[in-house]
Amino acid sequence: MNEETAANRALWDARARVHGTTAEDRFYDVPSFLAGRQTLYGIERDLAGDVKGRDLLHLHCHFGMDTLNWARLGARATGTDFSPAAISRARELTVRAGLRADFVEADAQQLPQELAARFDLAIATYGVLCWIADLDAWMRSAAMTLRPGGALIMVDLHPLFQTVATFDPFVADWPYGGGRQQQETVVGTYADANVHMEALDAAQYPYSLGEIVTAAVRAGLHIDSLREHTEAEFDPRGILPRRADGLYHLPFSATHLPVLYSLKATLPASPLR
Ligand SMILES: C[S@@+](CC[C@H](N)C(=O)[O-])C[C@H]1O[C@@H](n2cnc3c(N)ncnc32)[C@H](O)[C@@H]1O
């Protein structure tokens, strides 16, 4: 593991130890999850369809709440993440929730052969590719886990939204794609602004939609759908205004810019020519 991946893993280990443990946590309310709250959003659920009895791999599973919600919907769920702290908490949560799921510690760019060709669905959502140095390796790895006919489903922050620091005034300070490493010292966590955490270095990587789709095609996947969403059920970065209908959007003049994208891509039953 290189220095940047090791630093990112230290950051996610620290976050995995804290997330869902404080009363003010915006994202990870563990007691309500244990009481039955569904943590998955409409976009990924609609794309996945009925998951009952399906073998589902949840990539970047963090401490497992979404993985376990796929299990609640009837999937045979496996979660994977490179953070040992996240995997250990996910296993504990599985027991507390009285559910069944497997968890595998692995770098998503090099998933182990034990996961090869085993899944009907590989799902990755909300805060995924910005952590990945080698986009092609990530896509090959995800594609490798699918059975022929299986699908990769991604829902993530739109690369345009990632460029925006503030929208009033409109300031964009992150590259739109290119994959060049962006070094940052991270203080605290998006989940709870009040929690004290040691400042840690992290490396992030911006990818454009074109680069993401091209990587999927290069990995042998067939693109079923690519959608750009101008509204979200939650505010992934804590900067978006909420409309009267409860949805969050990114205003720009009289219109809105995209905040999320969703992708469904299938591993063909026989290789495409
Ligand atoms: C923003 S979180 C994803 C959150 C998830 N959607 C949720 O809400 O539970 C990003 C996750 O990606 C994981 N991650 C980052 N880089 C990774 C890598 N190279 N391989 C595997 N997991 C990685 C982190 O450990 C973290 O759990």
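Residues numbered from 1 in each chain as written. Predicted model: local features only at pLDDT ≥ 70, side-chain atom pairs only at ≥ 80, totals over all residues.

Novice: How would you explain the site of the ligand if you had to name every residue and give the values?
Specialist: The environment of the ligand is made up of 19 residues, and the closest members are W12, H60, H62, F82 and G127. The set of elements that each furnish at least two residues to the shell around the ligand consists of α1 (3-18) and α4 (65-72). If one sorts the elements of the shell around the ligand by residue count, α1 sits on top with three residues. For the shell around the ligand, the residue count by class is eight nonpolar, eight polar and three charged. (Near = placed C-beta within 6 Å. Helix = DSSP H or I, 4+ residues; strand = E, 2+ residues; numbered from the N terminus. Nonpolar A, V, L, I, M, F, W, Y, C, P; charged D, E, K, R; others polar.)

Novice: Tell me what's going on with the sheet that holds strand β11 (residues 231-232), and back it up with residues and numbers.
Specialist: An order of β11-β12-β13 is seen for the three strands of this open sheet, with the pairing classed as antiparallel. Sheet topology places β11 and β13 (255-257) at the edges, where each strand pairs with a single neighbour. Both β11 and strand β12 (residues 248-252) contribute to a ladder of two bridges, which runs antiparallel. Across the sheet, residue E231 finds its bridge partner in β12, namely H249. (Pairing = 2+ DSSP bridges.)

Novice: Before we move on, can you summarise the environment of L200 with the specific residues and values?
Specialist: With respect to the helices and strands, the residue L200 is situated in strand β9 (residues 200-204). Spatially, the C-alpha atom of L200 lies 8.3 Å from that of E184, the residues being 16 residues apart in sequence. Excluding residues within four positions of it along the chain, L200 makes contact with A10, L11, A14 and V186. (Contact = placed C-beta atoms within 7 Å.)

Novice: Help me get a handle on α4, residues and values and all.
Specialist: The element α4 is largely enclosed, with a buried count of seven among its eight residues. Among the residues making up α4, those that are buried are M65, D66, T67, L68, N69, W70 and A71. The secondary structure elements touched by the buried residues of α4 are α2 (30-34), β1 (55-59), β2 (76-81), α5 (84-97) and β4 (119-125). The first or second residue beyond α4 is G74, which carries a positive phi of 105°. (Buried ≥ 20, exposed ≤ 12 C-beta atoms within 10 Å, placed from the backbone.)

Novice: Break down the sheet that holds β2 for me, citing the residues and quoting the values.
Specialist: Reading across from one edge, β3-β2-β1-β4-β5-β14-β10 is the order of the seven strands in this open sheet, with mixed pairing throughout. Edge positions in the sheet fall to β3 (102-105) and β10 (222-229), since each has one partner strand and no second. Recorded for the sheet is a direction-independent mean angle of 15° between the axes of neighbouring strands. In the sheet, strand β5 (residues 146-157) pairs with strand β14 (residues 260-266) via seven bridges, with the strands oriented antiparallel. For A151, the partnering residue across the bridge sits in β14 and is T266. (Axes fitted to C-alpha atoms, helices over the stretch in contact; angles between N-to-C directions.)

From the geometry alone we can't say anything about function, so treat these as descriptive.
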